[in-house]
Amino acid sequence: MTTRRAEKARSTRSKRSKTEVDGSKLLIVESPAKARTLHRYLGDGYVVKASVGHIRDLPKRDLGVDIENGFEPHYVTIRGKGKVIQELKRAAREAAQILLGTDPDREGEAIAYHVAEQLGYHSKHGERFKRVLFEEITPEGIAQGLENPGQIDFRKVDAQQARRILDRLVGYKASPFLWKPIRPGLSAGRVQTVALRLIWEREEEIRHFQPQEYWRVEALLEKSGVRFTAKLHHLDGHRPELHDEAAASAVVEAVRDVPFQITRIRRKERRKNPSAPFTTSTLQQEAAKRLRFPAKRTMRIAQQLYEGLEVGGKAIGLITYMRTDSTRVAASAANAARSYVEREFGGRYLPKSARLYLGKQQKGAQEAHEAIRPTSVHRTPESLKRELEPDQLALYSLIWLRFVASQMSPAVYDTTTVDFDLTGADGRDYVFRATGSVLKFDGFTRLYRVEHEEGEGRTLDDLEPLPELAEGERVKLLELSKSQHFTEPPPRFSEASLVKELEKLGIGRPSTYAQILSTLLERTYVELDRRRFVPTPLGETVVQVLIRVFPDTFDVDFTSNMEANLDRIEEGELDWRQELGKFYTRFARRLEEGEARSDEIIREIVQAEDAVCNLCGEPMVVRWNRYGRFLGCSAYPECNNTRSIDQPPELDLGDEKCPQCGGELLVKSGRYGPFVACSNYPECRFTRAVGKEQAGVPSDAKCPKCGSPMAVKTGKYGQFLACTAYPRCKHTQAITLGLKCPTCREGEIVKRRTRRGRFFYGCTRYPKCEWSTWDTPTAATCPECRSSVALQKSSKRKGEYLRCAACAHEFEATTPETADVTSV
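This structure is a prediction, so every number in the text was calculated from the model and none was measured. (Residues numbered from 1 in each chain as written. Predicted model: local features only at pLDDT ≥ 70, side-chain atom pairs only at ≥ 80, totals over all residues. Heavy atoms only, no water.)

A. Region of interest: the confidence of the model for the chain. When the pLDDT values of the chain are averaged, the result is 83; 87% of them are 70 or greater. Taken together, the stretch residues 1–22 has pLDDT below 50 and engages in 10 contacts with residues farther than four places along the chain or on a different chain. Predicted confidence is poor over residues 691–697, with pLDDT under 50, and the contacts of this stretch with residues over four places away or in other chains come to 11 contacts. (pLDDT = per-residue confidence, 0-100. Contact = heavy atoms within 4.5 Å.)

B. Representation of the environment of Thr 380. If you trace the backbone, Thr 380 turns up in the loop between α12 (331–345) and α13 (390–406). Taking the C-alpha atoms as reference points, Thr 380 and Trp 400, 20 residues apart in sequence, are found 7.3 Å from one another. Discounting chain neighbours no more than four positions away, the residues touching Thr 380 are Tyr 340, Tyr 396 and Trp 400. (Helix = DSSP H or I, 4+ residues; strand = E, 2+ residues; numbered from the N terminus.)

C. The sheet that holds strand β16 (residues 429–441), seen in detail. Spatially, seven strands are ordered β11-β17-β9-β10-β16-β15-β12 in an open sheet, and the strand pairing comes out antiparallel. In this open sheet, the two strands that pair with only one neighbour each are β11 (260–261) and β12 (264–272). Both β11 and strand β17 (residues 474–486) contribute to a ladder of two bridges, which runs antiparallel. Paired with Phe 260 across the strands is Val 475, a residue of β17. Here helix α9 (residues 245–255) sits on the sheet in contact with β9 (213–223), β10 (226–235), β11, β15 (411–423), β16 and β17, set at roughly 175° to β17. (Pairing = 2+ DSSP bridges. Axes fitted to C-alpha atoms, helices over the stretch in contact; angles between N-to-C directions.)

D. Highlighting unusual backbone geometry. Here Tyr 766 and Pro 767 are connected by a cis peptide whose omega angle stands at 10°. Relative to the elements of secondary structure, Pro 767 occurs in the loop between β33 (759–763) and β34 (772–773). You will see that Arg 530, though not glycine, has its phi angle at about 55°, which is positive. As for its position among the elements, Arg 530 is in the loop between β18 (526–529) and β19 (532–535). By relative accessible area, which is 79% here, Arg 530 ends up exposed. Not every positive phi belongs to a glycine, and Arg 531 is a case in point at roughly 65°. (Buried < 20%, exposed > 50% of the residue type's maximum accessible area, 1.4 Å probe, protein only.)

E. Summary view of helix α17 (residues 556–570). For α17, which comprises 15 residues, the first-to-last C-alpha distance of 22 Å matches the rise-based estimate of 21 Å (1.5 Å per residue) to within 8%. Counting buried residues in α17 gives 12 out of 15 residues, a clear majority hidden from the surface. Where α17 is concerned, the buried positions are Val 556, Phe 558, Thr 559, Ser 560, Met 562, Glu 563, Ala 564, Asn 565, Leu 566, Asp 567, Ile 569 and Glu 570. On its buried face, α17 sits against α4 (106–118), α6 (154–174), α8 (192–207), α14 (495–505) and α18 (576–596). Put simply, Asp 555 is the residue that caps the front of α17, since its side-chain oxygen is 3.1 Å from the backbone nitrogen of Asp 557. (Expected span 1.5 Å × (residues − 1). Polar contact = N/O pair within 3.5 Å; in protein donor to acceptor, adjacent residues only side chain to side chain.)

F. Broad picture of the pattern of salt bridges. For the structure shown, the criterion picks out 46 salt bridges. The partner of Asp 57 in a salt bridge is Arg 164, and the shortest N-O contact between them spans 3.0 Å. Highlighted residues: Asp 57 in strand β3 (residues 56–57) and Arg 164 in helix α6, separated in sequence by 107 residues. On the accessibility criterion, Arg 164 (25% relative accessible area) is partly exposed. Between Arg 590 and Glu 593 there is a salt bridge, with the nearest N and O atoms lying 3.2 Å from each other. On the criterion of helical spacing, the pair formed by Arg 590 and Glu 593 is a turn pair, its members being three residues apart in helix α18. One salt-bridge network, held together by shared partners, links Arg 264, Arg 266, Asp 419, Asp 421 and Arg 433. (Salt bridge = Lys/Arg side-chain N within 4 Å of Asp/Glu carboxyl O.)

G. Representation of the pairing of β16. Alignment of β10 against β16, held across four bridges, turns out to be antiparallel. Across the sheet, Leu 235 pairs through a bridge with Tyr 430, a residue of β16. With 12 bridges connecting them, β15 and β16 associate as antiparallel partners. In the sheet register, Thr 415 faces β16, and the bridge partner there is Ser 437. The hairpin turn running from β15 into β16, its antiparallel successor, is five residues long, and Gly 427 in that turn takes a positive phi close to 85°.

What follows is the structure, given as structure tokens:
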């Protein structure tokens, strides 16, 4: 038996050696999915393996950088990658050629070098290693990559290594400044802190914004049954400044009896060109606005589309490489799109020549890359409906539509500006202006329109058409109205607008934006409110401490210049060790100053105003734990008194003492809210819950199991109903909105909260019924199907409206009766 097993093992090794050795070519990529796709296209002469991402990195628990020795990094094998390296070594042992096919960017180049280094790149057989680049995972793209093998680009490796060391130095040296005043374990990222600073500074701008009152005067006019509006545009040759109602009323009275006669008409044809195909940044922005995809989700799905998916029984890459700053388009791809446009829409929709977008690159763009586009324009979204998951299809459709539209003719608008020069009863000169726009030729907008967010201004599509008008003609004045307005602060950043701001300022690179935003959310430095970033108290304290200690390290201009220097390292213009040396000289000086002034900074930023410890009389300071903020005595550890901040209960303990040891009772903040605890902790561990009543807030509901009254309590994910007979009866239930689920019609709609704190609505019968929505349900009745549940929606073009939760019919929002989540 043993002999048979040995013979079988030798036979298996022999078979394996015929495929993996004997002059075969070993192709190494970083992704198993990409490896599977490539394996299907390549013949028996290739063995395809995956490194499964990085295999080497700086150590987790040590700095890993020899500062005194030219910032030499000390890389270690990532935990769990030992088996991967051994498998790659076995496959490479007698391979005739080793092809490194990792992603065509800095990070991919660094992975390729670390893999090659482990497989003997610096040995006498180093000539076996070749670098291949796949811009797209298609038969043509693979063949092109294999026909043009090159060498590892060490300038890219140096640039990536410099970035990694830079991030490690900042994180490792700066993070401890957060541990004493806030809590251990917090981190200070080089780029993420600057992004957090932008969010915090915008919030500060909003808080300190002083609204200014102003008034508008509008005339409602009519011609041939068509109504249109003219606004007061000039007063005595200047922009009107109406700061109170009296000034607006004076304008209305002055022109009330003056005929509105047209003095000037300006007609102009305006052309609106299509946007360039997506870069990484613009893809993240548009997916956030149109699909409501977070940047991390967008990049994950784009990676799947690039690496290859099953289409028609074979795996194929559907888009080109998705990490790019370039808008360049290959001539062959542009011509294929033009052929499709001419066939589907006709010659009118085709511009005279192909648009290659050669002059649209951002600073630092990787010129070897193309824009993000479909690998074949003939794979339309409609043809892939049954092949892709909904999210994959949605993102692919966005990429396909944007690319095809980029090769279409401009949209043509006829714009009309009409001026009414009036002399008021007070002798002053008034100019009222009406502006209208008509779409003359839809061009690329037949296929694709760019989505706009709040604060991005009006577009030509937002202007209403005007009736036929002529100079000297009088129009009928129906109404003169005045309206009060107030200036508004800039809006908070959304994912799309923050990505746009980071790119404009040169902070980070588009390939890093997804990680920056997800890190800020995961560390609870920010939270999303109506899809806008709001800094948490923790995030505000973190950024204030860091910019006080390191004012230039986390400065926007400094970070932008550092990104530019990393680009110059990649281009071979700068030496990475010298650049790190320049940075660290200044950084080390800030470290010394920060350590000397740490107590002063802590007092200024985290000391609570007028808060004194009720046990020892020392000042209280703001502290954090995993559950939020609290006040802690500055005399800790001699005094361990704490007090709640974010959930201060209105509770008078009076002279009540601990029933177990007779000690003082204190109100503290815990994971599920405030509670009462003994001051002699840990010797005495007495605690009890705190609420408006000890048993919770009473409700009218009865326990369906024992008939006892139910009370509203607060848990990890919000409020719920619990039986007051606890612990004898442990029944709990969700607080519903009083609306039936539109899908199963058995359960009721309940407000829930995700692990990250975002609220949504779902069915009480989950997981049997998986209906859920981010939109607020209302008790409005659908005029089509008579369903009694509608969702509140809004858009810039439609305004406020309702969408039926059952049939998706959209109808006007006429003061809907919003369900009350707090009703019991």
